[in-house]
Amino acid sequence: MPAGIVALAPWLDLTHSQPSFHLNTLDYLPPIVSDPSYITKGQRSHYYTPHDSLNSHPYVSPLFASDSATDKSTHLPPTLIQLGSLERLRDEGLMFAADSFKHSPVRVELYEDMVHIFQTFATRGDKRAKDAFERIGEFVKRVGAAGVSASRAKESADGFLFVGEDCLEDIGRVGALDIVREARRELDAVNKLERQASAPSNQSRWIQNDTSLSSKLSVSL
């Protein structure tokens, strides 16, 4: 077991079951992989598995693994996950910490208006990207100082922080779950509108029926 884990926007769900993957279209991550040498629509959508039926396996998508309140052998070591609020992988990171491994010492930092791997913006002088690197360093130091002490490790890692440009807010586990629930409602609304837009309206159906009737009359005449 490592002393700690630092995960920058980890890809935890290859099934794309979380709403942010579909809603956060401003992120530069593509929604699909296009490579006819390996990818077959409806059968294989990723390089990592030979068939999509394996994408929900916990070894492939850790979001579908879980820890136990009573079995510490299932717990993660102190873990820091940094996410951008605008990235596709946001919700799977939140759910991994708030639900799948809610008994483990996991700290999530959600950076406002940031996309996937925004930490690279530090080279361009972005303040929040620089702050993220500083927080990583602080986390590593705390975990190293904590050693094998479970209580110290827990103090070093637990929590859900929303990092804005000029603010830092502890939103807690409930706040993290609320973000995903709200995104789920938004995605449901979007999907409903798309279904309504794709379905023929009563007027269009009447026009189609009328055209068909006119054709029959023309033939009979």
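Residues numbered from 1 in each chain as written. Predicted model: local features only at pLDDT ≥ 70, side-chain atom pairs only at ≥ 80, totals over all residues. Heavy atoms only, no water.

**Quick look at the pattern of salt bridges**
So, point 1. Following the criterion strictly, the structure yields five salt bridges and no others.
So, point 2. Residues D91 and R90 are paired through a salt bridge, measuring 2.7 Å at the closest nitrogen-oxygen approach.
So, point 3. R135 is paired through a salt bridge with E109; the nearest N and O atoms lie 4.0 Å apart. Of this pair, R135 sits in helix α3 (residues 127-146) while E109 sits in strand β3 (residues 106-111), and the two are 26 residues apart along the sequence.
So, point 4. Here R135 falls in the partly exposed class, since its relative accessible area comes to 22%.
So, point 5. Accessibility expressed as a relative area gives 3% for E109, which makes it buried. (Salt bridge = Lys/Arg side-chain N within 4 Å of Asp/Glu carboxyl O. Helix = DSSP H or I, 4+ residues; strand = E, 2+ residues; numbered from the N terminus. Buried < 20%, exposed > 50% of the residue type's maximum accessible area, 1.4 Å probe, protein only.)

**Let's talk about the pairing of strand β2 (residues 79-84)**
So, point 1. Among the six residues in β2, six count as buried, and that is most of the element.
So, point 2. Of the two faces of β2, the one holding T79, I81 and L83 and the one holding L80, Q82 and G84 are both buried throughout.
So, point 3. As judged from the six bridges shared by β2 and β3, these two strands associate in the parallel manner. Directly across from L80, in β3, lies its bridge partner R107.
So, point 4. Taken together, β2, helix α2 (residues 90-100) and β3 constitute a β-α-β crossover, and its handedness is right-handed. (Pairing = 2+ DSSP bridges. Right-handed = clockwise from strand over helix to strand, strands pointing away.)

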